[in-house]
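If you want the building blocks of each chain, they are given just below.
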Amino acid sequence: MLKPILLVEDNPNDLELTLVALERSQLANEVIVLRDGAEALDYLFRKNQYQDRDAGNPAVLLLDLKLPKVDGLEVLKAIRESDDLRSIPVVMLTSSREEPDLQRAYALGVNAYVVKPVEFKEFVSAISD
């Protein structure tokens, strides 16, 4: 069974564009959509409403930088500090072109950083690595 792709995105337009790009890439993985950083942490750490979800990590985490409740960098930091989660590939999806955001994401161990709007070829390359 294929591991799911976890997509954490709060902007409906960016969510739709990302889902279209995933569909066009013809990946067979289920895509699980979450809307904020706190929900992402609950899912990953199997807490609250996700405490009974099947064990296992997603194939990849597509993570927006600017999220409500807990931002993407804090989610990334929590993942990299966890022995159980640190091996999850994380692709940061963001509209930010600010160098400090990029530097902090890479310092925290992001695998790829894709600036929105997502270019299809760049996106497929990022999630395929």
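Structure shown above.
The paragraphs below set out a description of the structure included in this document. Keep in mind it's a predicted model, so treat the numbers as computed, not measured. (Residues numbered from 1 in each chain as written. Predicted model: local features only at pLDDT ≥ 70, side-chain atom pairs only at ≥ 80, totals over all residues. Heavy atoms only, no water.)

### Let's talk about the environment of Gly-109
1) Next: Here Gly-109 shows up in the loop between helix H4 (99-107) and strand E5 (112-115).
2) Next: A relative accessible area of 28% places Gly-109 in the partly exposed class.
3) Next: In contact with Gly-109, not counting residues within four places along its chain, are Leu-76 and Arg-80. (Helix = DSSP H or I, 4+ residues; strand = E, 2+ residues; numbered from the N terminus. Buried < 20%, exposed > 50% of the residue type's maximum accessible area, 1.4 Å probe, protein only. Contact = heavy atoms within 4.5 Å.)

### Examining the environment of Val-31
1) Next: Its place among the elements puts Val-31 in strand E2 (residues 31-34).
2) Next: Under the relative-accessibility criterion, Val-31 is labelled partly exposed at 28%.
3) Next: In the structure, Val-31 is positioned 26 residues away from Ile-5 in sequence and 4.8 Å away in space, judged by C-alpha atoms.
4) Next: Apart from the residues within four sequence positions on either side, Val-31 is in contact with Ile-5, Leu-7, Leu-19 and Leu-22.

### Re the packing of aromatic side chains
For any pair of aromatic rings, the description consists of the separation of the ring centres together with the inter-plane angle of the planes.
1) Next: Applying the stated criterion to the full structure yields two aromatic pairs.
2) Next: When the centroid spacing of 5.3 Å and the interplanar angle of 75° are considered together, the rings of Tyr-43 and Tyr-50 count as edge-to-face.
3) Next: Tyr-43 sits in the buried class, given a relative accessible area of 7%.
4) Next: Note on Tyr-50: relative accessible area 14%, which makes it buried.
5) Next: Seen in terms of ring centroids, Tyr-106 and Tyr-113 are 6.4 Å apart; in terms of plane orientation they differ by 35°. Their pairing is tilted.
6) Next: Residue classification places Tyr-113 among the buried positions, given a relative accessible area of 11%.
7) Next: A cation over a ring is seen here: Lys-47 above Phe-45, with NZ or CZ 5.6 Å from the ring centre.
8) Next: Its guanidinium or amino end placed over the ring of Tyr-43, Arg-53 lies 4.1 Å from that ring's centre, counting from NZ or CZ. (Phe/Tyr/Trp six-rings, centres within 6.5 Å; stacked < 30°, edge-to-face > 60°. Lys NZ or Arg CZ within 6 Å of the ring centre and 35° of its normal.)

That is the geometry; function is a separate question.
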